[in-house]
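Fold and geometry: a report
What follows is the residue order along each chain.
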Amino acid sequence: MKNPFTWVEIYVDDMPRAQKFYEDVLKVNMVPMQTPGEFGDLEMLSFPWEEGGANISGALCKTSDFKPGGGGTLVYFTCDDCATELSRVEEAGGQVLQEKFSIGDHGFCGIATDTEGNTIGFHSDK
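Fair warning: this is a prediction, and the values are worked out from it, not measured in the lab.

A few words on the overall build of the chain. Summing up its helical and strand segments, the chain has two helices and eight strands in all. A globule of 126 residues ought to have a C-alpha radius of gyration of about 14 Å, and the chain, at 15 Å, matches this closely. Projected onto its principal axes, the C-alpha coordinates of the chain cover approximately 45 × 35 × 25 Å. Buried residues in the chain amount to 37% of all 126 residues. Within the chain, residue pairs in contact and separated by at least 24 positions form 53% of the contacts whose partners lie at least 6 positions apart. Element-wise, carbon and sulfur atoms account for 50% of the exposed surface of the chain, whose accessible area totals about 7,800 Å². The averaged location of the 21 negative side-chain charges in the chain is 3 Å from the averaged location of its 9 positive side-chain charges.

Per the stated rule, a full pass over the model turns up four salt bridges. Its salt-bridge partner being R17, residue E116 comes within 2.7 Å of it at the nearest N-O pair. A residue pair is termed long-range when its members are at least 10 positions apart, and E116 in the loop between β7 (108-113) and β8 (119-124) and R17 in helix α1 (residues 15-26) qualify at 99 residues. On the basis of relative accessibility, which here comes to 7%, the residue E116 falls in the buried class. K20 serves as the salt-bridge partner of D24, at 2.6 Å between the closest nitrogen and oxygen. In this pair, D24 and K20 both sit in helix α1, four residues apart, roughly one turn of the helix.

What counts as what
- Throughout this document, residue positions are counted from 1 along each chain, in the order its sequence is written.
- Residues qualify for local features only when their pLDDT is at least 70, as the model is predicted, and side-chain atom pairs are given and counted only at 80 or more; totals for whole chains, interfaces and linings, by contrast, use all residues.
- The side-chain values count all of the structure's non-hydrogen atoms but skip hydrogen atoms and water molecules.
- Elements are defined by DSSP. Helices are runs of H or I of four residues or more, strands are runs of E of two residues or more, and each kind is numbered from the N terminus.
- The size measure is the radius of gyration over C-alpha atoms, and the globule rule it meets is 2.2 Å times the number of residues to the 0.38 power.
- Only protein chains enter the area calculation, which uses a 1.4 Å probe; residues under 20% of their type maximum are buried, those over 50% are exposed, and those in between are partly exposed.
- Two residues form a contact once any of their heavy atoms are found within 4.5 Å.
- In short, Shrake-Rupley with a 1.4 Å probe defines the accessible areas, and a residue's cover is counted only from the protein chains shown.
- All tallies of charge rest on Lys and Arg as positive and Asp and Glu as negative; His and the ends of each chain are not included.
- Where a charge lies is defined by one atom per residue type, namely NZ (Lys), CZ (Arg), CG (Asp) and CD (Glu).
- Criterion for a salt bridge: a side-chain nitrogen of Lys or Arg within 4 Å of a carboxyl oxygen of Asp or Glu.

Right, dumping it as structure tokens:
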């Protein structure tokens, strides 16, 4: 069965602050991207991806059309051990809401907020 997810957008108010948070916590380099078409004031920084790989990606997005915040969709980032990424959250300016916890046969996860007020999750098998 094909994975139905293809793209994730995380809305932000302060792009440099959000970029630093995600780069510090996930230890990735965000990729500047040109917006596809006419989208007004939309700014985008993409998460890394493998072209043609069996993966999805997404971007940090700044626009006056959508605002960040909790209570909506929850995005989970895959990790080797989610405790590692959770340990970086507060130093990067976010807040850990729930430390690493077991989800039985499905591994472990933890929940945090980013610098923009978005609730995000981290998932690992160990």
